[in-house]
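# Topology and contacts: notes
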Amino acid sequence: MMIYTSLLSIASAVLLALFYGSLFASASNSSETTIKSCVDNEDQTDNTADLTSDSGVTSNAFTYPKVGDSITSFLNPNLFQDPETIHNIKQQLRAGKPVMIHNAFQPEYAEAMYQDLSSAEDAFELHAYAHEQDDFSCYHYNIYDLQKYTPLMNATLELFNSTATKEFASELSGRRCGGQTWPAASWYKPGSHSLPHSDWADQRTVAYVWHLTKDWKHGWGGHLYWMSETSFPFVPPSFNTLVLFSVNTRTQHMVTSVNHLAGDVKRLTINGWWEDNGWLPSFEDDLAQFAEGYDDWLDYFLEDSARLLELTADQSFRLGQLQAECTAGGYEDEIRCNKLHYVYETLHEGSYCRVFDAFLKYTKDTHVRRQRYQSSHRQRVILPAKKENREECTEQNFPPLRRHLFACSLLGRVRDLDMDICNRMTTI
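It should be emphasised that the depicted structure is a prediction, and the values quoted were computed from it without experimental measurement.

### Focus on the overall build of the protein chain
Of regular secondary structure, the protein chain possesses 13 helices and 13 strands. Taken across its 428 residues, the protein chain has 51% of its residues classed as buried. For the protein chain, the proportion of contacts with a sequence separation of at least 24, taken over those separated by at least 6, is 76%. Counting only carbon and sulfur atoms, one obtains 50% of the accessible surface of the protein chain, whose full area is about 21200 Å².

Next up, the structure:
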């Protein structure tokens, strides 16, 4: 009987993993395959690392990226030289969906970076944030100080910042990625987490998360959850997996708390954002620098409201300033001011509420399955209040309670997670 129960639990876990994994946008079927061949050995230089695999066999020497190199030279050629894979990545990114790419970088590069981060424990510093105004909190460890970057991290910074790399990111996403980027290392220790947020800040356009975690167990948490209006897939910590998404007001995601059972196993990533090259909207702009072929950059957004998601946080803030200028009579072109008012109001529709209401429907539709799953694993799940017991969701009343319940409901879906954080969050 015990053997039968164990087999049933394993089968249930596999089915759940397949179900949730299928929701997340993978680049292509070929991205699921393991790389079987390595890049030929290059000439030895000072910027090399001799790598040893788990089996104890030394692999080919890895040559560090040089200034001006393109990221395409270090990506897995089995994937990124395949036109169909590139097409699928473009299609997903431009549709506003996250892309998860397994075995994304050449294995020598991934192994070198993993060893580098694993041995840089003293360089990681706690990054903790909690603020009542925006009701966001995070707790994790990072290497932000450039003085503490290792030679390989510096080489990676140069690689992600090269003109060729940023042109490649722009080609994939359809976004402007010409600004500076600062790839940083992250280490989520037991207790580390990040509540729902969109990354929509400054001039960010495309986010990247390079997962570099080995030997991780599903029940240890640390999952990257994606929260859209239609599904709530997640990415478990893994090795050499690249996640990309186009940043906008609707790219809500979170990282669930890491369970203390993880012990000394490290959840490691390299993450950051490619950014716009600095353009801000203005009534006196050279229009061609943003929307070539349009007499007015406002017409570019009015033609298709979906393009508003291309605006960065800084650009949106500047729109607000221009709108205030129109309201105060500081700009006398009434037609353009009306255009601007429509664009600004459309941009700031309640994206939080759309996602939250979709999640309420999701939890209702799956409540029976969740109860069975909860019973089988003795896990407590916190659900949002029923619709008849809650006021209408608006941008104004969404924080703080709704975001807390939102986060805790998602945290509760990962079994064996430490739920103390949810107990604290819901006592408000």
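### Details of the state of the cysteines
As used here, a disulfide is simply a covalent bond connecting the sulfur atoms of two cysteines. The full count for this structure, using the stated rule, is 1 disulfide. What pairs with cysteine 326 in a disulfide is cysteine 337, and their sulfur atoms sit 2.0 Å apart. Note on the cysteine 326 and cysteine 337 pair: the S-S dihedral is about -80°, so by sign convention the disulfide is left-handed. Residue cysteine 326 is located in helix α8 (residues 313-327), and its partner cysteine 337 is located in helix α9 (residues 334-347); the two are separated by 11 residues in the primary sequence. Residue classification places cysteine 337 among the buried residues on the basis of a relative accessible area of 13%.

### Examining the pairing of strand β12 (residues 252-255)
For a regular strand, the rule is simple: side chains alternate between the two faces of the sheet. By the alternation rule, side chains of β12 split into Gln252 and Met254 and His253 and Val255, which are all buried. Two strands pair when backbone bridges link them, and strand β7 (residues 193-197) and β12 are joined in this way by 2 bridges, in the antiparallel orientation. Paired with serine 194 across the two strands is valine 255, which belongs to β12. As defined by bridge partners, strand β9 (residues 224-227) adjoins β12 across 4 bridges and the pair is classed as antiparallel. Residue methionine 227 lies in a different strand from β12, and its bridge partner there is glutamine 252.

### Side note on the environment of glutamate 167
Position of glutamate 167 relative to the elements: it lies in helix α6 (residues 163-173). On the basis of relative accessible area, glutamate 167 is assigned to the exposed category, the value being 53%. When the C-alpha atoms of glutamate 167 and cysteine 177 are compared, they prove to be 7.1 Å apart, with 10 residues separating the residues in sequence.

### Regarding the nonpolar core
Residues Ile101, Phe105, Tyr109 and Trp210 are the most contacted members of the largest nonpolar core, which totals 47 residues. Considering every element that reaches this core, the biggest residue donor is helix α5 (residues 151-161), with 6 residues. Apart from residues lying up to four places away in sequence, tyrosine 109 is in contact with Phe62, Pro65, Phe74, Leu152, Thr156, Leu159 and Trp210.

### Notes on the pattern of salt bridges
This structure, assessed with the given rule, holds 10 salt bridges. Lysine 66 is the salt-bridge partner of aspartate 69, the closest N and O atoms lying 3.8 Å from each other. In the salt-bridge network here, residues are joined through shared partners; they are Asp296, Asp299, Arg336 and Lys339.

### Concerning the packing of α5 against α6
The interhelical angle for the contact between α5 and α6, taken along N-to-C directions, is 55°, at an axis separation of 5 Å. Between α5 and α6, the interaxial angle falls into the category oblique. The segment α5 lies against α6, with Leu159, Phe160 and Asn161 engaging Thr163, Thr165 and Lys166. For the contact of α5 with α6, a count of residues per class yields 2 nonpolar, 3 polar and 1 charged.

### Here we look at the side chain of serine 282
Position of serine 282 relative to the elements: it lies in the loop between β13 (267-275) and α7 (297-303). Not counting chain neighbours up to four residues away, the residues in contact with serine 282 comprise Trp297 and Leu322.

### Some thoughts on the packing of helix α3 (residues 83-94) against α6
For the pair α3 and α6, interaxial distance at closest approach is 7 Å and the crossing angle is 70°. Compared by their axis directions, α3 and α6 come out roughly perpendicular. Residues Ile86, Ile89, Lys90, Leu93 and Arg94 of α3 form the contact with α6, whose participating residues are Phe168, Ser170, Glu171, Leu172 and Ser173. By residue class, the composition of the contact of α3 with α6 is 5 nonpolar, 2 polar and 3 charged.

### Observations concerning the pairing of strand β3 (residues 99-102)
Here β3 shows a buried face lined by Val99 and Ile101 and a second buried face lined by Met100 and His102. Direction of pairing for β3 relative to strand β11 (residues 239-246): antiparallel, over a ladder of 4 bridges. Bridge pairing in β11 places methionine 100 opposite valine 243.

Criteria and thresholds
Residues numbered from 1 in each chain as written. Predicted model: local features only at pLDDT ≥ 70, side-chain atom pairs only at ≥ 80, totals over all residues. Heavy atoms only, no water. Helix = DSSP H or I, 4+ residues; strand = E, 2+ residues; numbered from the N terminus. Buried < 20%, exposed > 50% of the residue type's maximum accessible area, 1.4 Å probe, protein only. Contact = heavy atoms within 4.5 Å. Areas by Shrake-Rupley, 256 points an atom, 1.4 Å probe, with all protein chains shown as cover. Disulfide = S-S within 2.5 Å. Pairing = 2+ DSSP bridges. Core = buried A, V, L, I, M, F, W, Y, C linked by side-chain atoms within 4.5 Å. Salt bridge = Lys/Arg side-chain N within 4 Å of Asp/Glu carboxyl O. Axes fitted to C-alpha atoms, helices over the stretch in contact; angles between N-to-C directions. Parallel < 35°, antiparallel > 145°, perpendicular 65-115°, else oblique. Nonpolar A, V, L, I, M, F, W, Y, C, P; charged D, E, K, R; others polar.

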